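# Residue-level structure breakdown
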Amino acid sequence: MPLKNKLLVEVIWIVAVVAILSWAAVSNAAYLTSDQNYISNPVSSDPVGTVINVTGYQWAWAFQYPNGTITTDKLVLKANTTYTLVVNSKDVIHDFYIPAFGVQSYAVPGHPNQVTIEPMKAGTYIFECVEYCGELHYEMRGTVVVT
Amino acid sequence: MGFSFVLAVFGSTIAAIIAMVFLLYYFSMDYRRNLIGESASSLSREQSNLLLSRMRREISFSAFFMDDSKSIGIRYLITTVILFFIGGLAGVGMRISLWYPFPTFLTPIQYNILLTAHGTIMLYGFAVGSILALGYYLLPSANMIERDNLGIVNSIMYWFFLIGSLFIIFSRSTASWYFYYPLVDQLSIAGGGSYSFFTLIGVSLIQVAATVSSIIFLKMIFLDRNKSIPVSKISLFSWSIVSSAVLIITSAPVSTIANGYLIYDLINPVFFQGSSVLTYAILFWFWGHPLVYVAILPAFGLIYEMLPKYAGVPLYSYRAGVFSLLLLMVFSALVWGHHLFNSGLGTIWDLMFSTTSFIVVIPSAMSVFNWIATLWTARGIRLTVPMLFVLNGIIDFIIGGVVGVYSADVGLNAFIHGTYAITSHFHWIFIGMTAGMAFAAIYVLFPTLTGGRTYNVPLAKVHFYLNSVGTILMSGFWLVGGFEGMPRRVAGYFGIFQTYQDVAAIGGVILGIGFLIFLINFAYSAYQAPVMSNDNSLEGEVQPI
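Quick look at the environment of Ile517 of chain B now. All names here are of chain B. Relative to the helices and strands, Ile517 resides in helix H19 (residues 498–525). Accessibility expressed as a relative area gives 16% for Ile517, which makes it buried. The spatial distance from the C-alpha of Ile517 to the C-alpha of Lys309 is 26 Å, given a sequence separation of 208 residues.

And the structure:
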């Protein structure tokens, strides 16, 4: 059907799109400034909560807890506790990802990153490496056990 | 397959190319005379090239021995369809291997070879190649060019492109298409036994070919255009090529230089070892993201050209179209950092690139509005095969684009980065737009390309529906799986994702069958008797001689 006011229709559309995207961009910026800890960032001097050192290497993940114990391909956490994961790599770039928590952080050799998690519910979840890292990349995965 | 085998393949390729060069002179003169009569010998090469570039031209092997713009376009077209077949085969192979959660008929190394081959062949061979094909083929007629005097440069760049593609195919690299630094060093011949540097040389050759061709495209549009076409009447396809060409010229050389450093690093680590290991990733994505816009902007241009012709009305707004294409050119060069969210480059980095990623949606939305408004005001839409591809492309672009907006948000990006949601995002857009518009353009150009033959319409519709349904099954189920955390680039996966992978495998096979039907249709129809004039709506401006 023919449209009257062709320019007006187009302007309304663009204004609507700009409005929606501005809202998305502003809320994204607000999230970035207020909840920085939940985003992967370079290691800072004062991490929140319990620090767990996560080391990626070809092709497994090692978790070192504050008491010195090390587990491989299995991360054991307590519910309702705040943890800071310090993610590092021994060889190539990896990416530590827990889908259920919506958290991920690149493991860059020589450039440790940190990200904060706060498990709420007890259960068993999966984690994976989501940065391609060679032959057995797909085997760099395991479980997160929250008790 | 040892090194000597690869050497033999390259050796024979180079020998074949030398033989072709020897044949060039004899063949080109003969075929020229065949096309433009006895005047071929009296005209200079530039003058006869100009005549040939303004003619309607069909697919022929002789194109490989001629250097006018249309012949170069035909060369790229043939090559790129073959490369799409090879890349598609790699894709279908990966899909079938992922039927079970553990590697089945492909070992992880074979899977990684196919992964790298699929990515590099599809992006560099098909996406870049199809743009060069359509640019060389359509720009001379769209702009009624007055000069065609750089044929030898075009020809050399084509051979660069072909040799680059062969290097990529035979390299058996497992470094994935973005060659992140510490890994690619490890996957050298000494380390993992893969020939990554061949792929890097191939990619660099293709980048050089694309850069030089882009400069020639800009020359064709702005310097060689017929003076009867003012700037305000340049076709939207030409504007889309302008955007792509500027993006290639500004960003491809950066990647070519980074590849040069990286090739040197594979022999003697100097450049990236001392710096942060993310340096190569940053240099790569400076080109890697503009590349995906390079791949879709000409598809935008083709939709702008084809949609009004099948909708029976002029485009809703020519100015908004040009404006949107040029805005996309500017903004899409500024968003590449969003590939490196979560890598610890700091909050400022995240803030900057997520904001630009939101901004780049605005010109895309302007284009989508323009298409929908054209359809809204249409009188009598003709649902021909190209039009079906156009409509499907618009819908796929909207779905894929919305997933793209999600991933621009840093918080959501941490949730879907590296999962199949991202694979789904760009497969919606690449299959729907880049590949879909290439198919649509080939169907529109079919009578011209085959000298007045027509394609089998029912078969073509079968191709369209298989293509469409395959995309929906594959990308749709990837999207759902991705939201549950199904990781990309894996040769095996957690058993909980098997449903998504199986349906995606069926979708992938359907896509493959659809492409085979396209090839069969093309081969079958090209041997029928000519039944119609060689007119087509994309070359409407051309004056036949």
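Now that the structure has been shown, the text picks up again.
Moving on, we get to the nonpolar core. One finds Trp61 and Phe96 of chain A together with Trp371 of chain B to be the most contacted residues of the largest nonpolar core, which totals 183 residues. Membership of the second largest hydrophobic core comes to nine residues, among which are Ala24 and Ala25 of chain A together with Val361 and Ala365 of chain B.

According to the domain assignment, chain A contains domain 1 (6–34) and domain 2 (38–146). Between the C-alpha centres of domain 1 of chain A and domain 2 of chain A the distance comes to 35 Å.

Residue and element names in this part refer to chain A. Read across the sheet, five strands follow the order S5-S11-S10-S7-S8 without closing on themselves; strand pairing throughout is mixed. On the outer flanks of this sheet lie strand S5 (74–77) and strand S8 (103–107), each paired with one strand and no other. Strand-to-strand, the axes of this sheet are offset by a mean angle of 20 degrees, without reference to chain direction. Sheet topology note: the strand S10 (residues 123–129)/strand S11 (residues 141–146) ladder contains six bridges and is antiparallel. Of the residues in S11, the one forming a bridge with Tyr125 is Val144.

Glancing now at the sheet that holds strand S9 (residues 113–117) of chain A. Residues and elements named next belong to chain A. The six strands are arranged S1-S9-S6-S2-S3-S4 in an open sheet whose pairing can be described as mixed. Whereas interior strands pair on both sides, the edge strands pair on one side only; in this sheet they are strand S1 (41–42) and strand S4 (70–72). Bridging between strand S6 (residues 83–89) and S9 involves five bridges; their strand directions are antiparallel. Counted as the bridge partner of Leu85 is Val115 from S9.

A few words now on the environment of Thr250 of chain B. Residues and elements named next belong to chain B. Residue position: Thr250 is located in helix H9 (residues 236–267). For the pair Thr250 and Pro290, spaced 40 residues apart in the sequence, the C-alpha separation amounts to 9.2 Å. A distance of 2.8 Å separates a polar side-chain atom of Thr250 from the backbone oxygen of Val246.

Next up on the list: the pairing of S5 of chain A. Residue and element names in this part refer to chain A. Alternating positions in S5 separate cleanly, Leu75 and Leu77 being buried on one face and Lys74 and Val76 remaining unburied on the opposite face. Two elements, S5 and S11, share four bridges in a ladder whose sense is parallel. Its bridge partner being in S11, Leu75 is matched across the sheet by Val144.

Further remarks concern the interface of chain B and chain A. Across the boundary between the two partners, chain B contributes 60 residues, which contact 53 residues of chain A. Buried surface at the junction of chain B and chain A, both sides included, amounts to about 4,700 Å², of which 65% is carbon and sulfur. Three residues stand out in chain B for area buried against chain A, namely Tyr316, Phe369 and Phe494 of chain B, and they jointly supply 14% of the buried area on that side. For the interface between chain B and chain A, the tally reads zero salt bridges. For the interface between chain B and chain A, the tally reads 19 residue pairs in polar contact (both at pLDDT 80 or more). Mapped onto the side of chain B that touches chain A, the elements with two or more residues apiece are helix H5 (108–142), helix H7 (181–186), helix H13 (347–359), helix H14 (361–376) and helix H16 (410–416) of chain B.

Conventions we followed
Residues numbered from 1 in each chain as written. Chains lettered and ligands numbered in written order. Predicted model: local features only at pLDDT ≥ 70, side-chain atom pairs only at ≥ 80, totals over all residues. Heavy atoms only, no water. Helix = DSSP H or I, 4+ residues; strand = E, 2+ residues; numbered from the N terminus. Buried < 20%, exposed > 50% of the residue type's maximum accessible area, 1.4 Å probe, protein only. Core = buried A, V, L, I, M, F, W, Y, C linked by side-chain atoms within 4.5 Å. Domains from an automatic or database assignment. Pairing = 2+ DSSP bridges. Axes fitted to C-alpha atoms, helices over the stretch in contact; angles between N-to-C directions. Polar contact = N/O pair within 3.5 Å; in protein donor to acceptor, adjacent residues only side chain to side chain. Contact = heavy atoms within 4.5 Å. Buried area = accessible area lost by both parts, 1.4 Å probe. Salt bridge = Lys/Arg side-chain N within 4 Å of Asp/Glu carboxyl O.

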